[in-house]
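# Coordinates in review
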Amino acid sequence: VPSHCDKIEAKGGLQLLQRIYQLRKDSAKIQRNIIRIIGNMALDERLHSSIVRAGWVSVLAEVMKSPHVIQSSHASRALANLDRDTVQEKYPDGVYVLHPQYRSSQPIRADILFVHGLLGAAFKTWRQQDIDRHLDKKASEEEEDYSECWPKTWLASDCPALRIISVEYDTHLSDWKAKCPVEAQRKSIAYRSNELLDKLRAAGIGERPLVWVSHSMGGLLVKKMLVDASKNPEMDKIVNNTRGIIFYSVPHHGSQLAEYSINARYLLFPSVEVKELSKDSPALKELNDDFLSFAKDKKFSVLSFAETLPTHIGSMIKLHVVPLESAKLGIGDLIPVAVNHLNICKPKKKDTFLYQRTLQFIQDVLAQEL
């Protein structure tokens, strides 16, 4: 809340946060939340001198060196918002630059934007598939090379001329009900679309060629954002610079969750989108029809991956969250992969088909820029 930032600064909050930060080195979560606050305050250029005087630049620079992607990305966002000399974009709450996180003389040729699904997050959704130490004797050796966020480690290495951004949005029912009016709740994907589009425009999305990468309901959100952007002249750049979209197990035609008990559905999708995700939902059909009409006109590339293994929920429930027929968009390539819903966006290794095919798609659609 912008007005809160002024009050925090006026009452010595920057210094107080600095003290709490130093006292609570035992809690990465507390420190991360404090840095998140500093990153939000840094969106207001009037507060920059106060943030600098309170000693935050040296703290943020140190956290940038953290091997943990969540910590370093929060610090990178705050520093980018403080840097008005070389950075034109501003990164609102929930928008993180995974690469480049330091000043670079190399020009950025294109943007890759990652959008997670329900119960996902800007970093954990895109981690390497977890190593099972009981099954894999080499797990301890491979753990050293384990990627907490493969777009940051693998993709940035293979395509250094890209700016890689991951967004985060709230997907928990209780928080959502508390924050949003009834109408926004009823049209939650529409609400999130407008909110994210404003944030992405502030971050400079649309100024360069763009590829979207999405998982599960994040793909529905991407479709909604592009359809909404196509109707808003102020968003023309986002539409016209879109070169391609990757969908990882996106329920274009709904999910079989509706066939299970209320408890099972809410365990997987504790959000107001549950009704919208029901199989053959009119809202989903309308969105898909609008998107297909728009996409065929714009002629950008589309690649879809579909899960073929069921997802285990506890010890009692096993289901295909997004069946093959629902992952079928109607345009572009559809590739079935022998993984479950949660792992479809988490490649096992850098040399596996899932990552290599993703990389090939990005390189192909951005060939001229790269």
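Residues numbered from 1 in each chain as written. Predicted model: local features only at pLDDT ≥ 70, side-chain atom pairs only at ≥ 80, totals over all residues. Heavy atoms only, no water.

What follows concerns the packing of helix α5 (residues 56–63) against helix α6 (residues 69–82). One can describe the packing of α5 onto α6 by two numbers: an axis separation of 8 Å at closest approach and a directional angle of 140°. Between α5 and α6, the angle falls in the class oblique. Here the hand of the crossing between α5 and α6 comes out left-handed. In contact with Val57, Leu60, Ala61 and Val63 of α5, α6 contributes Gln71, Ser72, Ala75, Ala78, Leu79 and Leu82. Of the residues belonging to the contact of α5 with α6, the class tally is eight nonpolar, two polar and no charged. (Axes fitted to C-alpha atoms, helices over the stretch in contact; angles between N-to-C directions. Helix = DSSP H or I, 4+ residues; strand = E, 2+ residues; numbered from the N terminus. Parallel < 35°, antiparallel > 145°, perpendicular 65-115°, else oblique. Left-handed = near helix turned anticlockwise from the far one by under 90°. Contact = heavy atoms within 4.5 Å. Nonpolar A, V, L, I, M, F, W, Y, C, P; charged D, E, K, R; others polar.)

When a strand is regular, its side chains alternate between the sheet's two faces. Along strand β5 (residues 242–248), six of the seven residues are buried, which leaves the element largely enclosed by surrounding structure. Taken together, the five bridges between β5 and strand β6 (residues 301–307) define a ladder with parallel strand orientation. Each bridged residue has a counterpart across the sheet, and for Ile246 the counterpart in β6 is Leu303. (Buried < 20%, exposed > 50% of the residue type's maximum accessible area, 1.4 Å probe, protein only. Pairing = 2+ DSSP bridges.)

Within the structure shown, the criterion is met by 17 salt bridges. For Asp289, the salt bridge goes to Lys285, with nearest N and O atoms at 2.9 Å. In this pair, Asp289 and Lys285 are both assigned in helix α15 (residues 282–298), four residues apart and thus about one turn of the helix distant. In this structure Lys285 comes out as exposed when scored by relative accessible area, which is 52%. Salt bridges linked by common partners bring Glu89, Asp111, Arg163 and Arg208 together as one network. (Salt bridge = Lys/Arg side-chain N within 4 Å of Asp/Glu carboxyl O.)

Right, let's get into the side chain of His215. When you line up the elements, His215 lands in strand β4 (residues 210–215). According to the relative accessible area criterion, His215 is buried, its value standing at 7%. For His215, the side chain forms a polar contact with the main-chain oxygen of His341, separated by 2.9 Å. Sequence-distant contacts of His215, defined by excluding residues within four places in its chain, comprise Val115, His116, Gly117, Thr125, Trp126, Tyr248, Val250, His341, Ile344 and Cys345. (Polar contact = N/O pair within 3.5 Å; in protein donor to acceptor, adjacent residues only side chain to side chain.)

Bringing the packing of aromatic side chains into the picture now. Counting across every chain of the model gives 13 aromatic pairs. Note on Trp126 and Tyr248: the rings are 6.3 Å apart at their centroids and 55° apart in plane angle, and the pair reads as tilted. Of this pair, Trp126 sits in the loop between β2 (110–115) and α7 (139–143) while Tyr248 sits in strand β5, and the two are 122 residues apart along the sequence. On the accessibility criterion, Trp126 (0% relative accessible area) is buried. Pairing Phe291 with Phe294 gives two aromatic rings, centres 6.1 Å apart and planes at 55°, and the pair type is tilted. Of this pair, Phe291 and Phe294 both sit in helix α15, three residues apart, which is roughly one turn of the helix. Judged by its relative accessible area of 9%, Phe294 is buried. Among the aromatic residues, those joined into a cluster by ring pairs are Phe114, Trp126, Trp150, Trp154, Tyr248, Phe305 and Tyr355. (Phe/Tyr/Trp six-rings, centres within 6.5 Å; stacked < 30°, edge-to-face > 60°.)

Residues His99 and Pro100 are joined by a peptide bond in cis, for which omega reads -10°. Along the polypeptide, Pro100 turns up in the loop between β1 (95–99) and β2. If you check the backbone angles, Ser216 has positive phi at about 55° while not being a glycine. Mapped onto the secondary structure, Ser216 falls in the loop between β4 and α12 (217–230). Judged by relative accessible area, which is 2%, Ser216 ranks as buried. You will see that Ser249, though not glycine, has its phi angle at about 45°, which is positive. Tracing the backbone shows Ser249 in the loop between β5 and α14 (262–268).

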